[in-house]
4 protein chains.
Amino acid sequence: MRLAFFGDVVGKPGRAAVLDYLPGLRRDLSLDFVVVNAENAAGGFGLTETIAMDFFQAGADCLTLGDHAWDQREAMTYIQREPRLLRPINYPDAAEAPGKGAHVFVLDDGRRVGVVQLQGNVFMRQQLENAFHHADRALDSMPLGVAVDALIVDMHCEATSEKMAMGHYCDGRASLVVGSHTHVPTADLMILENGTAYQTDAGMCGDYDSVIGMKKDNSISRFATQLPGDRYAPALGEGTLCGVFVETDDRTGLARRIEPLRMGGRLAASVPQV
Amino acid sequence: MRLAFFGDVVGKPGRAAVLDYLPGLRRDLSLDFVVVNAENAAGGFGLTETIAMDFFQAGADCLTLGDHAWDQREAMTYIQREPRLLRPINYPDAAEAPGKGAHVFVLDDGRRVGVVQLQGNVFMRQQLENAFHHADRALDSMPLGVAVDALIVDMHCEATSEKMAMGHYCDGRASLVVGSHTHVPTADLMILENGTAYQTDAGMCGDYDSVIGMKKDNSISRFATQLPGDRYAPALGEGTLCGVFVETDDRTGLARRIEPLRMGGRLAASVPQV
Amino acid sequence: MRLAFFGDVVGKPGRAAVLDYLPGLRRDLSLDFVVVNAENAAGGFGLTETIAMDFFQAGADCLTLGDHAWDQREAMTYIQREPRLLRPINYPDAAEAPGKGAHVFVLDDGRRVGVVQLQGNVFMRQQLENAFHHADRALDSMPLGVAVDALIVDMHCEATSEKMAMGHYCDGRASLVVGSHTHVPTADLMILENGTAYQTDAGMCGDYDSVIGMKKDNSISRFATQLPGDRYAPALGEGTLCGVFVETDDRTGLARRIEPLRMGGRLAASVPQV
Amino acid sequence: MRLAFFGDVVGKPGRAAVLDYLPGLRRDLSLDFVVVNAENAAGGFGLTETIAMDFFQAGADCLTLGDHAWDQREAMTYIQREPRLLRPINYPDAAEAPGKGAHVFVLDDGRRVGVVQLQGNVFMRQQLENAFHHADRALDSMPLGVAVDALIVDMHCEATSEKMAMGHYCDGRASLVVGSHTHVPTADLMILENGTAYQTDAGMCGDYDSVIGMKKDNSISRFATQLPGDRYAPALGEGTLCGVFVETDDRTGLARRIEPLRMGGRLAASVPQV
Ligand SMILES: [Fe+2]
Ligand SMILES: [Fe+2]
Ligand SMILES: [Fe+2]
Ligand SMILES: [Fe+2]
Ligand SMILES: [Fe+2]
Ligand SMILES: [Fe+2]
Ligand SMILES: [Fe+2]
Ligand SMILES: [Fe+2]
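Residues numbered from 1 in each chain as written. Chains lettered and ligands numbered in written order. Predicted model: local features only at pLDDT ≥ 70, side-chain atom pairs only at ≥ 80, totals over all residues. Heavy atoms only, no water.

Engineer: Pulling in residues and values, what's your account of the state of the cysteines?
Structural biologist: Counted by the stated rule, this structure contains zero disulfides over all chains. Of all cysteine sulfurs in the structure, the one in Cys 242 of chain B sits closest to Cys 205 of chain B, which takes part in no disulfide; the separation is 6.2 Å. Judged by its relative accessible area of 0%, Cys 205 of chain B falls in the buried class. Cys 170 of chain D forms no disulfide, and the closest cysteine sulfur to it belongs to Cys 157 of chain D, at a distance of 12 Å. The buried category is assigned to Cys 170 of chain D, whose relative accessible area is 0%. (Disulfide = S-S within 2.5 Å. Buried < 20%, exposed > 50% of the residue type's maximum accessible area, 1.4 Å probe, protein only.)

Engineer: For the packing of aromatic side chains, give the residues involved together with the corresponding values.
Structural biologist: All names here are of chain B. One pass over the structure, following the stated rule, counts 18 aromatic pairs over all chains. Positioned above the aromatic ring of Tyr 169, the side-chain terminus of Arg 173 is 5.1 Å from the ring centre. If you follow Arg 222 out to its NZ or CZ, it ends over the ring of Tyr 232, 3.9 Å from the centre. (Phe/Tyr/Trp six-rings, centres within 6.5 Å; stacked < 30°, edge-to-face > 60°. Lys NZ or Arg CZ within 6 Å of the ring centre and 35° of its normal.)

Engineer: Would you mind going over the sheet that holds strand E10 (residues 197-199) of chain C in detail, with residue names and values included?
Structural biologist: Residue and element names in this part refer to chain C. Strand order in the open sheet formed by six strands is E5-E6-E7-E8-E10-E9, with mixed pairing between adjacent strands. Either end of the sheet is taken by a strand with one partner, and the two such strands are strand E5 (102-106) and strand E9 (190-191). Relative to E10, E9 is paired through two bridges, and the arrangement is antiparallel. Residue Met 190 lies in a different strand from E10, and its bridge partner there is Tyr 198. Its contacts with the sheet place helix H4 (residues 131-141) against strand E6 (112-119) and strand E7 (150-156), and it is angled at close to 165 degrees to E6. Along the sheet face, helix H5 (residues 160-170) touches E6, E7, strand E8 (176-180), E9 and E10 and points at about 165 degrees away from the line of E8. (Pairing = 2+ DSSP bridges. Helix = DSSP H or I, 4+ residues; strand = E, 2+ residues; numbered from the N terminus. Contact = heavy atoms within 4.5 Å. Axes fitted to C-alpha atoms, helices over the stretch in contact; angles between N-to-C directions.)

Engineer: I'd like a description of the environment of Pro 185 of chain A, backed by residues and values.
Structural biologist: Relative to the helices and strands, Pro 185 of chain A resides in the loop between strand E8 (176-180) and strand E9 (190-191). Relative accessible area serves as the criterion here: at 0%, Pro 185 of chain A is assigned to the buried category. Sequence-wise, Pro 185 of chain A and Met 204 of chain A are 19 residues apart; in three dimensions their C-alpha atoms are separated by 7.0 Å. The contacts of Pro 185 of chain A, once residues within four sequence positions are left out, are Asp 201, Ala 202, Gly 203, Tyr 208, Cys 242, Arg 262 and Leu 267 of chain A together with Thr 186, Ala 187 and Asp 188 of chain B.

Engineer: Now, about the interface of chain B and chain C: what can you tell me, with residues and values included?
Structural biologist: Opposite the 17 residues of chain B that make contact, chain C presents 17 residues. Interface of chain B and chain C: buried area, both sides summed, is about 1,300 Å²; carbon and sulfur atoms make up 61% of it. The largest share of the area that chain B buries against chain C comes from Gln 226, Leu 227 and Pro 228 of chain B, three residues that together contribute 43% of it. Taken together, the links from chain B to chain C amount to zero salt bridges. (Buried area = accessible area lost by both parts, 1.4 Å probe. Salt bridge = Lys/Arg side-chain N within 4 Å of Asp/Glu carboxyl O.)

Quick look at the structure:
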């Protein structure tokens, strides 16, 4: 199966990159399943239903969120009627957070793809439950090669250590463990020992002439002065579509190949040969 | 001028990667100046004089440190007699931290290369002074194209936002701003608007079948149980040499080219054509 | 019933304060049940079996721990055979942390006292599970006035907001919610709306001519220089016994009275009249 | 000299406590100088000029702020024309933060009182410069007993360790080092070895039937669910005036006496006998 995951879409340039490039890529690469992290799609903060519909139309099968999940409050109700939209799974059970953190998608040909979003526990704004135990619970509920033909884990967090540890923890139980949240793509794509494809962070879809997608002057000034600045707003230069491509073995669900997938904007382009 | 910067060397596999590949690379790529971040070289924690001497012998011109600078206490005295070893510059002046955070190196042919190490202020163990103002102070003291022919800034920190902001802040005033500390190479190499080469993190030199260079089982178990584990120890598989190559314009000191530089171990190899 | 809770015992001066004053207080105040937070009893770091036995002998019925629970590794085995020793309850269930976080003690006269230790989720070294949901689980398992005649909650954490929120959350379901961890007694003793006695922090048992019980010069120097210092060691001046006294209504288990309990050392003495 | 310091005023109940009690206290205790921390006076977030004028009228000589200094943006201009309003002194010099962090007040009888506000470096939203070195700079500029007859240091921060360390660091150089920010009064009032009066936190002026002055249900729900809640708003029950009283020796400026000063609301009242 051919999978793609695109990192945090930031504002208009990020949305434009998704809408412009995804339909063509989906066709050219014969993508079977596409996940887009959309936690910053609405002006850098959260997601609206309108934007989500655009992404589904452009070829996304599943959208994930993160610590910015509820920046647009409408997401709290929208997610309850849209199973293709996922938030971090490791909210306390008793908190009864709206929506779900995992879902099994059934493709037209009957193949099934599981997606799970986890949020890390280090350096994050919310203090969610232990991501490793929630990973266990989710992966056990949809065993790869048995209940699902492919399984994608979006590990949304800051610390590289926590992401790498999660990659190894899920190794052999997921097709792909990919990080999001830092808005910078990493160059450590690999297939781990037991067959799981791994990348520490998929990077963002947005304008890289920026500070993680937002206007740079405002950000620099806050760091340098420690004073409040203008409202954060996305940088508006040309966006880069930034993500990762994975090919799995249909018999096992494990990865045969992982490659960067980047088009447009300021980063070096990279499109897999298929 | 041709510059190379290699990210945090972790333990024996990291050291072996440096010692095995650097001499050949230095010659094949005609490198003029090489910086190695060595904060984790000694068993993952700090640096000893013996290891530093090996790195200088293998072709490093300058070693930088970071939040692990003093894990080996001998570094506190060694740094006082070794001007080629730098620690973060933004210790409080009044703290009189041993050693220096910046140095101008004079090459055999008379060209001068400045190096500065900064430590970020977000999510770091030490609370050093504002990295942006210290950047100003350091860069003003060695204007690019005037006092120095090339200038390398090692921005040692966790948050991608702080690193990108620093890149833009130094843009036009440094040849290269490169991050260290996260132990994962990023794929966002670019030349910024005013001519500074930039990469959010150079990655680590070490075994990538690990959690940021350390044994994975121990790390996973700590995350999953929140209980103390065994002592941290470097993973011992084959190391990757991981860094970045920059070519500058000798008239301005600004960058003409930036490319990844990776050899050995589990990451995709990448050696610039020269 | 008459209850006393003493905050984090730090090193020798803290132990001496407990051993010197507790036997007399227990008798003079007719204390029915005494809890001592012992997470820093062994040289400032953790607890040993020998020290625990001394505390039990001096009149403690129950010892609690906190983020320093395992600083002395022997505590990990000792706690498995000593039900009177509690660690934070909100470790992930699947982590199978040694020991327990709650216990019901049966007094000689048949009355039952429940004790729960929670660790907060803000600014703490470990990332344990949501303290509020674990509070629910624990309090539901030993309803006050039904399963237990008194119930003491030790809320071990840094942030005053998290402690006050927990106090109100347990209000009416516990006899006492008292904080530990900051090593400074607060002056906000009150009986909350629904009858639970509350104090944000009980303070430490130790030498207050110090920095939270540890030698002050070393601590000051670390703050001012951000450089590593000498090993942390407890200050060795006269210790203060520092805690809180609560009288409950035996019919409901709720509080009738809460007063500070302090003797010796540098803080103003305060012993309830009974 | 007789000094009083009142901790963070939170919203309307806090303001009412100041306005109701301060005029009488000022007269009855013959207070020579009064400092009020006003960082949460305007609905819990920052300070307006109108509120400041009320406080000055009620008997405050000096107002301090903290991490909430600029929550009301008008404070950024107001502070530039009001020398009696202080913000943390340890903003980076180059940041040119509006206002000042220290001031020497001249009383009608010619005596001089210095006030300094510091913000700590641990667990705070802004990353200001090293508080200890800025303390040195400020204290050196107004030597106690020479340039000023009394000197008050407001150490605004979270960690008790950082506050206690600062107390000892200033010991003998200030009349009073008192903490603010945690909104809970501590019971560790003492005169340190070299004559400086010390209290880890003065507590808040506000409604203590709350979570640090704010409505409790909203706060509890955020902790328990990790979901966004309603806007934070001050609890509206009766406020407590909460602070500390210090008597200094006019020959040295050092402290002879330190006592809690609390009136109204839910905390035990405490007014010094003079
Ligand atoms: Fe995020
Ligand atoms: Fe994001
Ligand atoms: Fe580091
Ligand atoms: Fe490192
Ligand atoms: Fe603790
Ligand atoms: Fe403690
Ligand atoms: Fe504050
Ligand atoms: Fe405050």
